[in-house]
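Remarks on the overall topology
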Amino acid sequence: MIEKGLLKVLLKLQETQMSIERLEKAQKKLKEEESRLRREFSKLEEEEAQTLLTIKNIENQIKQVKEEISRCKEGIKRAESRLNMVRKAQDYKALLREKAKYEDSIIKLSQDLKNLETEKKERESAYTREKKVFERRYREIKEELEYITLEQENISKKLKELKDQEQRLRESIPSQVLLEYEKLKDHVGLPVIVSVVSFGACGGCGMTLPATLYSKVVSGQIINCPNCSRWVYYET
């Protein structure tokens, strides 16, 4: 039979273990939230980098188109200078066609250039707006991560204190009783020890105890609930 003094120690051990369990769940949740925030931060960086890369690619295209327009203009100059030198009508017509080809290319390239510059301006304008959103969310994520770091440090400190306390309590409990307690904990989880509640029901599973068992509980004995196996006691 478990004496009241030992019951008090067992209940304190149980309370400590339940606190440890709650803190470990909270710790796990914080780690998951930290991972989610870091993934979001990386995704934002990738989105911003992709936007800047797109703008850079458009700038390169603009540069290439301008260079091509310059080559076409040089081609027109060469064709015009040679027009004054040719004597055959066939060669003259060929140079005119060459010049016209360059001029057609310049018309097309100029339109391409206009479209690219418009697209660049639109994307830069959009990025200016997006950048404010990015920067605000960056700040928010960093603040949230700082808060999580502080919470993790606090939880780690509390866990150490509770685990030290748990060890001290375990050492003060007879080995056989502790062994039975731990086996039951592995089987039913926490709480292992529950008080009888209204109408003589088990505080763990809610089953009404048989009259003989309820009488034993009321008299101060600790019994095993016939339904869930938890230790049941009467709380005075």
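Residues numbered from 1 in each chain as written. Predicted model: local features only at pLDDT ≥ 70, side-chain atom pairs only at ≥ 80, totals over all residues. Heavy atoms only, no water.

A closer look at the nonpolar core
The condition is simple: What we call a nonpolar core is a set of buried Ala, Val, Leu, Ile, Met, Phe, Trp, Tyr and Cys residues that are connected through their side-chain atoms within 4.5 Å. Burial here depends on accessible area, computed with a 1.4 Å probe over protein chains only, as a share of the maximum for the residue type. Under 20% is buried, over 50% is exposed, and the range in between is partly exposed. The secondary structure listing takes helices from DSSP runs of H or I that are at least 4 residues long and strands from runs of E that are at least 2 residues long, numbered from the N terminus. We call two residues contacting when some pair of their heavy atoms lies within 4.5 Å.
Counting residues in hydrophobic clusters, the biggest one holds 18 residues, and the most contacted among them are I2, L10, I173, V177, Y181, I193 and W231. The set of elements that each furnish at least two residues to this core consists of α1 (4-83), α3 (175-188) and β4 (231-233). Here this core gets five residues from one element, more than from any other, and that element is α3. I193 has contacts with L7, L10, L11, Q14, Y181, W231 and Y233, leaving out every residue within four places of it along the chain. Counting 14 residues, the second-largest nonpolar core is a separate cluster that includes L23, Y138, I141 and L162.

A short note on the pattern of salt bridges
Worth spelling out the cut-off: The salt bridge criterion pairs a side-chain nitrogen of Lys or Arg with a carboxyl oxygen of Asp or Glu, the two atoms within 4 Å.
Using the criterion set out here, one finds 19 salt bridges in the structure. One salt bridge in this structure joins R38 and E34, with 3.2 Å as the shortest N-O distance. Here the residue R38 and the residue E34 both occupy positions in helix α1, the gap between them amounting to four residues, near one helical turn. The class of R38 is partly exposed, set by a relative accessible area of 44%.

Some words on the packing of α1 against helix α2 (residues 89-171)
Helix packing for two helices is described by the angle between their axes and how far apart those axes are. The condition that has to hold: Only the contacting stretch of a helix is used when fitting its axis, a line to C-alpha atoms as for every element, and angles between N-to-C directions run 0 to 180 degrees. Oblique is the label for any angle not under 35 degrees, not over 145, and not in the 65 to 115 range, which are roughly parallel, roughly antiparallel and roughly perpendicular in turn. Definitions for this section: a left-handed crossing has its near helix turned counterclockwise from the far helix by less than a right angle. A right-handed crossing has that turn clockwise. Lys, Arg, Asp and Glu make up the charged group, whereas Ala, Val, Leu, Ile, Met, Phe, Trp, Tyr, Cys and Pro make up the nonpolar group; the residues left over, Gly among them, are polar.
Contact pair α1 / α2: the axes reach a minimum separation of 5 Å and the direction vectors enclose 165°. With respect to α2, the element α1 is oriented roughly antiparallel. With respect to the hand of their crossing, α1 and α2 are arranged in left-handed fashion. Its residues assigned to classes, the contact of α1 with α2 shows 37 nonpolar, 13 polar and 36 charged.

Some points on the side chain of K99
Inspection of the secondary structure assignment puts K99 in helix α2. Once residues lying within four places of it in the same chain are set aside, the contact partners of K99 are I76, A79 and E80.

Here's the deal with the sheet that holds strand β3 (residues 223-224)
For the record, the criterion: Here, any two strands with at least 2 DSSP bridges between them count as paired.
Pairing is mixed in the open sheet, where four strands are placed in the order β2-β1-β4-β3. In the strand order of this sheet, the two ends are held by β2 (201-202) and β3, each with one partner. Strands in contact with α1 are β1 (193-197) and β4; relative to β1, the strand with the most contacts, it is inclined by about 110°. Lying over the sheet, α3 contacts β1, β3 and β4, oriented at roughly 110° with respect to β4.

Describing the layout of surface pockets
Applied cut-off: Cavity: a set of points on a 1 Å grid over the protein atoms alone where a 1.4 Å probe fits but cannot get out. Pocket: an open set with protein on both sides within 12 Å along at least five of seven lines, its lining residues, like those of a cavity, having an atom within 4 Å of a point. Grid points are joined across faces, edges and corners, and a volume is the space filled by probe spheres set on the points.
Its boundaries defined by the atoms lining it, the largest pocket holds a volume of some 280 Å³. When residues of the lining of the largest pocket are traced back to their parent elements, those giving at least two are α1 and α4 (211-218). Looking at which element gives the most residues to the lining of the largest pocket, the answer is α1, with four residues. Among the residues forming the lining of the largest pocket, the class breakdown is eight nonpolar, four polar and four charged.

Overview of the state of the cysteines
We apply this condition: The disulfide criterion is simple: two cysteine sulfur atoms within 2.5 Å.
In the structure shown here, the tally under the stated rule is zero disulfides. Between C205, a free cysteine, and C225, which holds the nearest cysteine sulfur, the sulfur-to-sulfur gap is 3.7 Å. Among the residues examined, C225 registers a relative accessible area of 3% and is labelled buried.

Focus: the pairing of β1
Summarising burial for β1: four of the five residues are buried, a large majority. In this structure, β1 lies alongside β2, joined through two bridges in antiparallel fashion. The residue of β2 that forms the bridge with V197 is A201. Taking the residues between adjacent antiparallel strands as the criterion, β1 and β2 are bridged by three residues, where F199 takes a positive phi near 65°.

Re the side chain of T16
Looking at the secondary structure, you find T16 in helix α1. Non-local contacts of T16, meaning those with residues more than four positions away in its chain, are made with L162, Q165, E166 and L169.

Observations concerning α3
Residues that lie three or four places apart on an α-helix share one face, since the helix turns once every 3.6 residues. Cut-off, in case you're wondering: Every helix has an expected span of 1.5 Å times one less than the residues it contains. Throughout, the arc means the angular range of directions from the helix axis out to the C-beta atoms.
Its 14 residues place the ends of α3 20 Å apart at the C-alpha level, agreeing with the 20 Å of an ideal helix rising 1.5 Å per residue. For α3, the set of buried residues is V177, L178, Y181, E182, L184 and V188. The arc that holds every buried residue of α3, seen down its axis, measures 165°, which confines them to one face. Set apart from the buried face of α3 by more than 90 degrees, the exposed residues are S175, K183, D186 and H187.

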